[in-house]
2 protein chains.
Amino acid sequence: MLNHKRSLDRVFHALADPARRGMLERLSRGPASVSELAAPLEMSLAAVVQHVQVLEASRLVRTRKHGRVRTCRIEPAALATAESWLSARRMLWEQRLDRLGALLAEDSVAARKSMKRKEGP
Amino acid sequence: MLNHKRSLDRVFHALADPARRGMLERLSRGPASVSELAAPLEMSLAAVVQHVQVLEASRLVRTRKHGRVRTCRIEPAALATAESWLSARRMLWEQRLDRLGALLAEDSVAARKSMKRKEGP
DNA sequence: CTTATGCTAAAGTGAACACTTGACTATCCG
DNA sequence: CGGATAGTCAAGTGTTCACTTTAGCATAAG
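Computed from a prediction, not measured in an experiment: that's the story for all the values here.

Thresholds applied
- Residues numbered from 1 in each chain as written.
- Chains lettered and ligands numbered in written order.
- Predicted model: local features only at pLDDT ≥ 70, side-chain atom pairs only at ≥ 80, totals over all residues.
- Helix = DSSP H or I, 4+ residues; strand = E, 2+ residues; numbered from the N terminus.
- Buried ≥ 20, exposed ≤ 12 C-beta atoms within 10 Å, placed from the backbone.
- Arc of directions from axis to C-beta.
- Near = placed C-beta within 6 Å.
- Nonpolar A, V, L, I, M, F, W, Y, C, P; charged D, E, K, R; others polar.
- Pairing = 2+ DSSP bridges.
- Contact = placed C-beta atoms within 7 Å.
- Core = buried A, V, L, I, M, F, W, Y, C linked by C-beta atoms within 7 Å.

A. View of the environment of A88 of chain B. The residue A88 of chain B is located in helix α5 (residues 76-106) in this model. Between the C-alpha atom of A88 of chain B and that of G30 of chain B, which follows or precedes it by 58 residues, the distance is 29 Å.

This is the structure:
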């Protein structure tokens, strides 16, 4: 749970930058070199390399070097982690909202007293 | 698409902090006041208020003031946005990986030459 | 009325972030 | 070999972040 927290930190932080999300979009169409990732971006190569390092630290991306070119590819696992955190939260609170909605629909004013323990006012 | 990008920035940035994720977890069990959110955290009330403002700016949370207490509740829409970005990406690249897997399984060495345009070595 | 509570607003601080530039290394190509 | 390409490293800069402290202002409770 301690490392899991940090890894969520890193993943969400990595996703919070539009340039990095753009790189991920590019990479979801297939592997690419650092320069290919840099091409559409108006920023120095060095900056792009730094973004790639952030993506790699978050485990969203894995890279390997062949000769002088570093090839980047997506790593689905880290994204699944983030996605499952999100969907877990959403399920929880949609469930709660549904329950609340059901109570409001079913119960009329007469039933209110017996609800106090289950659901605060 | 222009504002959509910024809103993703804000949502992912909001999610990138463990204190804020903790608040969201608390809030998925039901609405809470700022002080209730602050209780489990070892940080000043003022800091918690700032976190709440970040959550509110990201539209993950909506707040309303009754008397002197500000009540916070979750807003599912923003999270759905983030979740759908994630799942869209994941679908795309899992699709790609499946296609690649199918090619590797079906085609044998003999077919390799004709693949060069579609997929680099 | 007085005091405690719940929050707000403002200013400051140190660390992290998103870049840049410039110098350098390794590899591929002709 | 020599030069272009692809990336790396280090240092510097302005900005944003995550806090803190201090002071203050409503509202609720005694």
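B. Just helix α2 (residues 18-27) of chain A, in detail. Looking at α2 of chain A, one finds that the buried residues are R20, M23, L24 and L27 of chain A. Summarising the axial view, the buried residues of α2 of chain A lie within an arc of 100°, below the 170-degree limit, and thus occupy one face.

C. How the structure looks around the protein's contact with DNA strand C. Near DNA strand C you find 21 residues, and of these S44, A46, A47 and G67 of chain A together with S35 of chain B are the closest. When residues of the surface near DNA strand C are traced back to their parent elements, those giving at least two are α4 (45-57) of chain A together with α3 (34-38), α4 (45-57) and β3 (69-74) of chain B. Take the surface near DNA strand C: its biggest share by element is four residues, from α4 of chain A. Residue composition of the surface near DNA strand C, grouped by class: ten nonpolar, six polar and five charged.

D. Summary view of the sheet that holds strand β1 (residues 32-33) of chain B. All names here are of chain B. Pairing is antiparallel in the open sheet, where three strands are placed in the order β1-β3-β2. Pairing within the sheet leaves two strands with one partner each, and these edge strands are β1 and β2 (61-66). The pairing of β2 with β3 spans six bridges and is antiparallel. Across the sheet, residue T63 finds its bridge partner in β3, namely C72.

E. Geometry of the interface of chain B and chain A. Contacts between the two partners involve 26 residues from chain B, matched on the other side by 26 residues from chain A. Listing elements by their share of the side of chain B that touches chain A, those giving two or more residues are α1 (2-15), α2 (18-27) and α5 of chain B. The element best represented in the side of chain B that touches chain A is α5 of chain B, accounting for twelve residues. A class-by-class count of the residues in the side of chain B that touches chain A yields 13 nonpolar, four polar and nine charged.

F. A look at the protein's contact with DNA strand D. In the vicinity of DNA strand D lie 21 residues, with S35 of chain A together with S44, A46, A47 and G67 of chain B positioned nearest. Ranked by residue count, the leading element in the surface near DNA strand D is α4 of chain B, at four residues. Within the surface near DNA strand D, the residues separate by chemical class into ten nonpolar, six polar and five charged.

G. Highlighting the nonpolar core. Grouped together as the largest cluster of nonpolar side chains are 42 residues, with contacts concentrated most on V11, L60 and A82 of chain A together with V11, L60 and A82 of chain B. If we ignore the near neighbours within four places in the chain, the residues touching A82 of chain A are L8, V11 and F12 of chain A together with L86 of chain B.

Nothing here speaks to function; it is geometry throughout.
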